[in-house]
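# A closer look at the structure
For reference, the chains in residue letters:
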Amino acid sequence: MKLKEEVVYLSGEESFLKGVKDCLPTVLGYLSIGFAAGVVQKTAGLSIIEITLMSLLLYAGSAQFIAAGMLVSGAPIMSIILTIFIVNLRYLLLSAALAPHFRHLGTWKNTLHGFLLTDETFGVATSYLSDKKYASNRWMLGLNLTAYLNWTLANVLGGLFGKWIPNPEEFGLDFALPAMFIGLLVLQIVSRSEFRIDLLVVTGAILFTICTSFIFSTGINVILATVAAAALGMVMDKWKSAQKSS
């Protein structure tokens, strides 16, 4: 009963429109990178319908860039599928990190949120839910659907008008997404009091990524670095909590 009461309260407090509003800081990043993805996919020979379907069904920026490049090179379909699978393995980690906040929801709702989860919405959600036990289904839908529709629109616009912008990098569009992630990271670190732990974890993630890049391919090294950095942060946090309690 207590769980249901808390969930009902959160659903009323965290509305769909609030989720839409919280997604707005990521809109510019989606528009720029999505537009560039549409240009690349159009250059690879995909039609507007195919670009739209890829955006709706695959819905992964890096994977769509990779798929377009491999299609141009004439790679076998199974190679494309396997490559995309490896690149998108990080979403298992992202979903697992958010899962405790959604354990009160049913299977179908969690499946929908898992499909719509992206790096950007994960960044917004982890920051917003850092001091909350349960997430609102309506809020997450507002966040995810805004990003989903925005990404699809950007891809279609890139496919339609990209011929007038053959090189989007000249306008700095390729830096919009990293800039957005840097902004989300800074906001999340500033909202916490554990600056030293956060900075050490970030430094550890960078070092792990660089070191593992000499052994593993791109994608696998990022996943391993993420797991190692998360484990480092957890150990340091537990150690600091044990020190305070002793």
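Nothing here was measured: the structure is a model prediction, and the numbers come from that model.

### Concerning the nonpolar core
Nonpolar side chains in soluble globular proteins generally cluster together in the buried interior. Within the largest apolar cluster, 33 residues are counted, with the highest numbers of intra-cluster contacts made by Leu98, Leu129 and Met140. Counting only elements with at least two residues in this core, the list comes to α3 (27–43), α4 (48–57), α5 (61–72), α6 (77–87), α7 (90–98), α9 (119–128) and α10 (137–161). Top element by residues in this core is α10. It accounts for six residues. Not counting chain neighbours up to four residues away, the residues in contact with Met140 comprise Leu98, Phe102, His113, Leu117 and Ala125.

### Observations regarding a nonpolar patch on the surface
On the surface, Ile206, Ile210, Phe214, Ile215, Phe216 and Leu224 cluster together to form a nonpolar patch covering roughly 650 Å² of accessible area. Residue position: Leu224 is located in helix α13 (residues 220–245). Judged by relative accessible area, which is 38%, Leu224 ranks as partly exposed.

### Notes on the packing of aromatic side chains
Inspection of every chain in the model, using the stated rule, returns four aromatic pairs. Geometrically, the ring pair formed by Tyr59 and Tyr148 is edge-to-face, given 4.8 Å between the ring centres and 75° between the ring planes. Of the two residues, Tyr59 sits in the loop between α4 and α5 while Tyr148 sits in helix α10, which places them 89 residues apart along the sequence. Under the relative-accessibility criterion, Tyr59 is labelled buried at 4%. When the centroid spacing of 6.2 Å and the interplanar angle of 75° are considered together, the rings of Phe115 and Tyr148 count as edge-to-face. Within this pair, whereas Phe115 is found in helix α8 (residues 107–116), its partner Tyr148 is found in helix α10, the two being separated by 33 residues in sequence. Exposure remark for Tyr148: the relative accessible area of 12% places this residue in the buried category. Three or more aromatic residues joined by ring pairs make a cluster, and in this case those are Tyr59, Phe115 and Tyr148. Positioned over the ring face of Tyr128 is Lys132, at 4.1 Å from the centre of the ring.

Conventions we followed
Every residue gets a number counted from 1 within its own chain, in the order that chain's sequence is written. Given that the model is predicted, a residue must reach a pLDDT of at least 70 before its local features are reported, and side-chain atom pairs must reach 80 or more before they are shown or counted; all residues, however, enter totals for whole chains, interfaces and linings. Excluded from the side-chain calculations are hydrogens and water; all other atoms, namely the structure's heavy atoms, are used. The definition of a nonpolar core used throughout is a set of buried Ala, Val, Leu, Ile, Met, Phe, Trp, Tyr and Cys residues joined through side-chain atoms within 4.5 Å. Between buried and exposed lies partly exposed: a residue is buried under 20% and exposed over 50% of the maximum accessible area for its type, with that area taken using a 1.4 Å probe on protein chains only. Only DSSP runs of H or I with at least four residues qualify as helices, and only runs of E with at least two residues qualify as strands; both kinds are numbered from the N terminus onward. A contact between two residues is defined here by any heavy atoms of the two lying within 4.5 Å. Patches here are clusters of residues that have more than 30% relative accessible area and form no salt bridge, with a 9 Å joining cutoff for like charges and a 5 Å cutoff for nonpolar side chains (Val, Leu, Ile, Met, Phe, Trp, Tyr). In this description, accessible areas are obtained by the Shrake-Rupley approach with a 1.4 Å probe, and a residue is regarded as covered only by the protein chains that are shown. Whenever Lys or Arg places a side-chain nitrogen within 4 Å of a carboxyl oxygen from Asp or Glu, that contact is recorded as a salt bridge. Only Phe, Tyr and Trp rings are paired, with Trp represented by its six-membered ring, and only when their centres lie within 6.5 Å; those with planes under 30 degrees apart are stacked, over 60 edge-to-face, the remainder tilted. Lysine NZ or arginine CZ positioned within 6 Å of the ring centre and within 35 degrees of the ring normal marks a charge as sitting over the ring.

This is a description of form; function is not addressed.
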